[in-house]
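One letter stands for each residue in the lines below.
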2 protein chains.
Amino acid sequence: MTDRQPIDRESVLLAAEALVRDRGPAGLSMRKLAAELGAAVTAIYWHVGNREALLDELVQRTVAEMGQIEARGATPAARAESVALALRRKLRERPHLIALVHERGLTELMMLPAQRALVHEAHAAGLRGTAAAEAVRVLQFHVVGFVLVERNRERAPRQQPGEPELWDAETAEQDPALAATLGGVPDSERLFELSTRALIASLWGIPRPKE
Amino acid sequence: MTDRQPIDRESVLLAAEALVRDRGPAGLSMRKLAAELGAAVTAIYWHVGNREALLDELVQRTVAEMGQIEARGATPAARAESVALALRRKLRERPHLIALVHERGLTELMMLPAQRALVHEAHAAGLRGTAAAEAVRVLQFHVVGFVLVERNRERAPRQQPGEPELWDAETAEQDPALAATLGGVPDSERLFELSTRALIASLWGIPRPKE
DNA sequence: ACCTGAACACCGTTCAAGT
DNA sequence: ACCTGAACACCGTTCAAGT
């Protein structure tokens, strides 16, 4: 009897995605969603089945959107690095949805386009067979793992005892620069480049700088 | 009037930990916990505050238990690798609780003992200051990230289109060994060692094999 | 100090009934 | 084909009341 409106599957999915995008999966309740859409809760069930199926569909779409990755650079190593960097950026754009993909164990599926690009660069670098496959997988694991750790850091509350205090006392006098770095917020941009390059150097072969 | 029993804080925590350990955080409801303890739901609130505080306490204990890590091996690089391997093993022993620690953003705090051990090895390898700090942090990120990705893989449902099919068609004839490896289940033991060694070699300095 | 049941405000889901 | 409200079985949490 209140201001009810007809809805369709698409509008349900869009509203759900919006809720998840800025309040996280926990922020998506069927009742809130219904209220947002101006329909009865049960209308949603007609269109999307249930909450689980709704989230599954959102996950599928996210996987699809993670689409193509473009490699840039002169050497295979540089191009592989550019894939890793692009991947990290893309993953960080949709944190909540990526978390859902991860929860549902579809990370690998989502990574397929990037995997293709990396295989191409591994071949270009002269790698073949198991060595190439492992080089690719190591880099995949690395990128996804890094993003997960990074996100965690950002969501983190102020660290309990505070890392600074723990380092000040002991190692500080021996190696103050180390204590300062470990005490502060990590520069994840730099850490990512550093570790990505280290892995690529080991597994793709070190690119010779031209000069 | 039913078979109610007096409880204390410790018994509540133990019962809660048991529930989380084998049914996951989602399996812990205050009502189930009360039933398990043979007390009224509200008795739990008197002892531990609320669900959030209860989980916080479990997390604190897990962090404490993650305690010391022992380095083994001849060279600093080998010893750093042993820390990484031990860390991975420990993390994999308590998946649900580690997930909770992670959710609460206390991963870094939990990693402090390992961080100390790694700093020691970095110093032994002759690293100082920012370089040492970064070498340590890269390895920390690496281990935690790897374990998160690994766990995800294991919880994963059968991959949707199945990676095998996707690789068969295209690259298979060019590089059948690669297609076979990427189509199969990753040997994460090997991937972890491979990537850990690659990072250590780049950042700690490559250990010379004695022969 | 410790525990109780009742009550409140939420959930997701099912279902018979309406148009 | 699409939507409804009522009902069920769950939640976490608060609170006045008991001992």
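Predicted model, so just to flag it, every value in this text is computed and none were measured.

A.B. asks: Where do I start with the protein's contact with DNA strand D in this structure?
C.D. replies: Neighbouring DNA strand D are 21 residues, the closest being A:Ala40, A:Thr42, A:Trp46, A:His47 and B:Arg31. Across the atoms of DNA strand D situated within 4 Å of the protein, the share located in sugar and phosphate is 49%. Contacts to DNA strand D include A:Thr42, whose side-chain N or O atom sits 3.0 Å from a base oxygen. Elements with a contribution of two residues or more to the surface near DNA strand D: α3 (41–48) of chain A together with α2 (30–37) and α3 (41–48) of chain B. The greatest single-element share of the surface near DNA strand D, amounting to 4 residues, is contributed by α3(A). Taken together, the residues of the surface near DNA strand D sort by class into 11 nonpolar, 5 polar and 5 charged.

A.B. asks: What is the right way to read the protein's contact with DNA strand C from this model?
C.D. replies: Neighbouring residues of DNA strand C: 21 residues in total, closest A:Arg31, A:Thr42, B:Ala40, B:Thr42 and B:His47. Residue A:Tyr45 places a side-chain N or O atom 3.0 Å away from a phosphate oxygen belonging to DNA strand C. Going through the elements one at a time, α2 (30–37) and α3 of chain A together with α3 of chain B are the ones with two or more residues in the surface near DNA strand C. Looking at the surface near DNA strand C, the element that brings in the most residues is α3(B), giving 4 residues. Tallied by class, residues from the surface near DNA strand C come to 11 nonpolar, 5 polar and 5 charged.

A.B. asks: How do you make sense of the layout of surface pockets when you look at a structure like this?
C.D. replies: A water-sized probe, rolled over the atoms, reveals where empty space remains. Approximately 1,300 Å³ is the volume attributed to the largest pocket. What lines the largest pocket is a set of 46 residues, and nearest its centre among them are A:Ala99, A:Glu103, A:Arg155, B:His102 and B:Glu103. Where the lining of the largest pocket is concerned, the elements lending two or more residues are α4 (51–65), α6 (95–103), α7 (107–124) and α8 (129–155) of chain A together with α4 (51–65), α6 (95–103), α7 (107–124) and α8 (129–155) of chain B. Broken down by class, the residue content of the lining of the largest pocket amounts to 24 nonpolar, 8 polar and 14 charged.

A.B. asks: How should the pattern of salt bridges be read in this particular structure?
C.D. replies: Residue and element names in this part refer to chain A. For the coordinates displayed, the defined rule picks out 32 salt bridges over all chains. Where arginine 197 meets glutamate 81, a salt bridge forms, and the shortest distance between an N and an O atom there is 3.2 Å. Note that arginine 197 is positioned in helix α11 (residues 188–204) and glutamate 81 in helix α5 (residues 76–93), a separation of 116 residues in sequence. The exposure class of arginine 197 is partly exposed, given its relative accessible area of 45%. Accessibility expressed as a relative area gives 13% for glutamate 81, which makes it buried. Each of Arg9, Glu10, Glu57 and Arg61 takes part in salt bridges that share partners, so that together they form one network.

A.B. asks: For this particular structure, what's the right way to read the packing of α5(A) against α11(A)?
C.D. replies: Two quantities define a packed helix pair, namely the angle between the axes and the distance from one axis to the other. Residue and element names in this part refer to chain A. As a packed pair, α5 and α11 sit with axes 10 Å apart at the nearest point and diverge in direction by 140°. As for the relative orientation of α5 and α11, their crossing is right-handed in sense. Listed contacts from α11 to Pro76, Ala77, Ala80, Glu81, Ala84, Leu85 and Arg88 of α5 are Ser188, Glu189, Phe192, Glu193, Thr196, Arg197, Ile200 and Trp204. Here the residues of the contact of α5 with α11 sort into 8 nonpolar, 2 polar and 5 charged.

A.B. asks: Can you help me understand the packing of aromatic side chains in this one?
C.D. replies: In this description, a pair of aromatic rings is defined by centroid distance and the angle of the planes. Under the criterion given, the structure shown has 4 aromatic pairs over all chains. Plain terms: the ring middles of A:Phe146 and B:Phe141 are 5.0 Å apart, the flat faces sit at 35° to each other, and that makes the pair tilted. With A:Phe146 in helix α8 and B:Phe141 in helix α8, this residue pair bridges two chains. Overall, the relative accessible area of 3% leaves A:Phe146 in the buried class. Of the residues examined, B:Phe141 reaches a relative accessible area of 3% and is grouped as buried. An aromatic cluster of three or more residues is present, and its members are A:Phe141, B:Phe146 and B:Phe192. A cation sits over an aromatic face here: A:Arg88 above A:Phe192, 5.1 Å from the ring centre.

How each quantity is defined
- Residues numbered from 1 in each chain as written.
- Chains lettered and ligands numbered in written order.
- Predicted model: local features only at pLDDT ≥ 70, side-chain atom pairs only at ≥ 80, totals over all residues.
- Heavy atoms only, no water.
- Near = heavy atom within 4 Å.
- Polar contact = N/O pair within 3.5 Å; in protein donor to acceptor, adjacent residues only side chain to side chain.
- Helix = DSSP H or I, 4+ residues; strand = E, 2+ residues; numbered from the N terminus.
- Nonpolar A, V, L, I, M, F, W, Y, C, P; charged D, E, K, R; others polar.
- 1 Å grid on protein atoms, 1.4 Å probe; cavity = no way out; pocket = protein on both sides within 12 Å on 5 of 7 lines; lining within 4 Å.
- Points joined across faces, edges and corners; volume = space filled by probe spheres on them.
- Salt bridge = Lys/Arg side-chain N within 4 Å of Asp/Glu carboxyl O.
- Buried < 20%, exposed > 50% of the residue type's maximum accessible area, 1.4 Å probe, protein only.
- Axes fitted to C-alpha atoms, helices over the stretch in contact; angles between N-to-C directions.
- Left-handed = near helix turned anticlockwise from the far one by under 90°.
- Contact = heavy atoms within 4.5 Å.
- Phe/Tyr/Trp six-rings, centres within 6.5 Å; stacked < 30°, edge-to-face > 60°.
- Lys NZ or Arg CZ within 6 Å of the ring centre and 35° of its normal.

The quantities given are spatial measurements derived from coordinates; they are silent on function.
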